[in-house]
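Spelled out, the chains give:
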Amino acid sequence: MSENKPTQDDARDEPPTISGDVPLVTFSSSGIQVPWLGNHESLLELAEANGLSPEFSCRAGVCNTCECSISSGDVSYLDEPLSMPEDGRALICCSIPDGDITLDL
Amino acid sequence: MFLNSCWYIAAWSRDIERALVARTMLAENLVLYRQQDGAVVALEDACPHRKLPLSKGRLLGDIVECGYHGLQFDCSGNCVLAPTQSRIPPQASVRTYPAAEKYGFVWVWMGDPEHADESKIFEIPNFENPAWGKTDGGVLEIDCHYLWVTDNLLDPSHVAWVHQSSFGAPGTDDTPLQIKTFDDGVVVSRWISDQTLPPYYAPLVKFEGNCDRLQHYEVRVPSVCINRSIFTPAGTGGQESELNDKAYVMVSYNFMTPIDENTTTYYWLQHYNNDPHDTVIAKQLNDGAVIAFNEDREILEAVHTGMKNTTTPKLDLALDAGSLRYRKILDGAIAKEQVS
């Protein structure tokens, strides 16, 4: 795992991947970077498993409380959000990474 | 805001006879009566002269006479007599609302009369099936916005707390819910396996031992709420299309007619796949519904008041997913209607 905190510039370019197969999730405001191994239900759960406490309420894609900014990469939704966030924003309670991703958390 | 281009229930047919009945629906005032030939008429409840409700007047044969100066109107809403003068002003008329009767209800079309289409009245499958029983049904007025009721009827979770004395049973709140959305509504459902029969249903069901049960909560625009319960011997559930012979199907139809933004009329009946002639069962089920709906009413009226007077923000939970999706679909339909 990288020792350096990724900068905003790094995050906007291609973030480094640990292994070609597994997406890398970067929580840029916290300086945490972890691989997505598929053993969590959502990005929210991954964040929580890594000591973060993002805001949430419904955990079902219908309230937008967990909406946050993505500085690079994309998500794939498990439940269709009731109110789709704009480009560059995502609901983490009901999504998983679609490749490497950097979230402003 | 209401969805106008729909049929809404104005009354049970049995409540409209040869007398003028006032009804407020979607914040509009109507007067209903039954003609001598049996047809139900619905008119704007306001004399064009000084807007006295026609419901305060008299029904003379098939003519409605205003109680103030005797203007008389026929079922087309046209003034046929203005007794205090020799000529009837041509513009003396009241709005008529298309009315139809089906399933023991009087339905009124609240949109442009040119688009009233009786084939669009909600359909109840098996209504004429002689093997199926039904309750007499009922009506209740609730002091809340009608969407609190539709929310409630898309929410299996509340049963465990609100209806502890009636429908609630262990295992009814853990199993995950499936949510399906359609152009005109939402279904929230789940099969729960291998349960003891709840006390409310045990005497009605035609088998013994444990059951698989389906909870199915559905709302279709504008506010038609269908609550289906299926109980089938344990191990035979999971597929509605291949029901076991002994499966017990109970469908509760709940139709909301908004009176205005703060009040709703709740019409209901229960329909089930056996005991068509058992009036004792029918009465028990109807009485049970009254108890349960009054349990809901107490909660929903307080929710309506609480949500009208918030000083802190509300929050949404996972259990709100079905109702929030439904509200979005209905909002979309209302917005579309506004534009056209």
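How each quantity is defined
- Residues numbered from 1 in each chain as written.
- Chains lettered and ligands numbered in written order.
- Predicted model: local features only at pLDDT ≥ 70, side-chain atom pairs only at ≥ 80, totals over all residues.
- Helix = DSSP H or I, 4+ residues; strand = E, 2+ residues; numbered from the N terminus.
- Rg over C-alpha atoms; globule rule 2.2 N^0.38 Å.
- Buried ≥ 20, exposed ≤ 12 C-beta atoms within 10 Å, placed from the backbone.
- Contact = placed C-beta atoms within 7 Å.
- Pairing = 2+ DSSP bridges.
- Domains from an automatic or database assignment.
- Nonpolar A, V, L, I, M, F, W, Y, C, P; charged D, E, K, R; others polar.
- Expected span 1.5 Å × (residues − 1).

What follows covers the overall build of chain B. On a plain count of helices and strands, chain B comes out with four helices and 19 strands. A compact globule built from 340 residues would reach a C-alpha radius of gyration of about 20 Å, and chain B, at 22 Å, matches this within 12%. With respect to the principal axes defined by its C-alpha atoms, chain B has extents near 80 × 50 × 35 Å. Taking all 340 residues of chain B together, 36% fall into the buried category. Of all intrachain contacts in chain B linking residues separated by at least 6 positions in sequence, the fraction that spans at least 24 positions is 57%.

It is worth spelling out the overall build of chain A at this point. Looking only at helices and strands, one finds two helices and five strands in chain A. Across the 105 residues that make up chain A, the buried fraction comes to 35%. Long-range contacts, defined as pairs at least 24 residues apart, comprise 52% of the intrachain contacts of chain A with a sequence gap of at least 6.

Backbone-to-backbone hydrogen bonds join strands into a sheet, with any given pair of strands oriented parallel or antiparallel. Strand order in the open sheet formed by four strands is β2-β3-β4-β9 (chain B), and the pairing between neighbours is antiparallel. This sheet does not close on itself; its edge strands, each paired only once, are β2 (21-25) and β9 (96-97) of chain B.

So, on to the domain arrangement of chain B. Residues and elements named next belong to chain B. Looking at the assigned domains, one finds that chain B contains domain 1 (7-120) and domain 2 (133-339). Computed over C-alpha atoms, the centres of domain 1 and domain 2 are 33 Å apart. Elements with a contribution of two residues or more to the side of domain 1 that touches domain 2: β1 (7-12) and β2. Element by element, the count of residues in the side of domain 1 that touches domain 2 is highest for β1, at three residues. Grouping the constituent residues of the side of domain 1 that touches domain 2 by class yields seven nonpolar, one polar and no charged.

It is worth spelling out helix α4 (residues 321-339) of chain B at this point. Residues and elements named next belong to chain B. The end-to-end C-alpha separation of α4 is 27 Å, in line with the 27 Å expected for 19 residues at 1.5 Å each. Residues of α4 that are buried: A321, G322, S323, R325, Y326 and L330. Packed against the buried residues of α4 are α1 (146-152), β14 (178-182), β15 (185-195) and β16 (211-220).

Looking now at helix α3 (residues 279-308) of chain B. An α-helical turn contains 3.6 residues, so any two residues separated by three or four positions project in the same direction. The end-to-end C-alpha separation of α3(B) is 42 Å, in line with the 44 Å expected for 30 residues at 1.5 Å each. Contact partners of the buried residues in α3(B): β13 (138-142), α1, α2 (159-162) and β19 (263-272) of chain B.

With that out of the way, let us pick up the interface of chain A and chain B. On the side of chain B, nine residues touch chain A, which itself brings seven residues to the contact. When grouped by side-chain class, the residues that make up the side of chain A that touches chain B number five nonpolar, one polar and one charged.

Among the structural elements, A:S28 can be located in the loop between β1 (24-27) and β2 (32-35). Each C-alpha atom, one on A:S28 and one on A:S71, is 8.7 Å from the other, the two residues being 43 residues apart in sequence.

This brings us to the pairing of β1(A). Residue and element names in this part refer to chain A. The alternating pattern of β1 places L24 and T26 on one face and V25 and F27 on the opposite face, and all of these are buried. Of the strand pairs in this sheet, β1 and β2 are connected by four bridges, and their pairing is antiparallel. Note that in β2 the partner of V25 across the bridge is V34. The loop that links β1 with its antiparallel partner β2 comprises four residues; one of these, G31, has a positive phi angle of about 70°. As paired elements, β1 and strand β5 (residues 95-103) share three bridges and run parallel to each other. Residue pairing across strands places V25 opposite I101, the latter belonging to β5.

A word on the sheet that holds strand β8 (residues 79-81) of chain B. All names here are of chain B. Here we have four strands laid out as an open sheet, ordered β5-β6-β7-β8, and antiparallel in their pairing. Here the strands that pair on one side only, and so sit at the sheet edges, are β5 (58-60) and β8. Two strands pair when backbone bridges link them, and β5 and strand β6 (residues 63-65) are joined in this way by three bridges, in the antiparallel orientation. Opposite L59, over in β6, you have V64 as the bridge partner.

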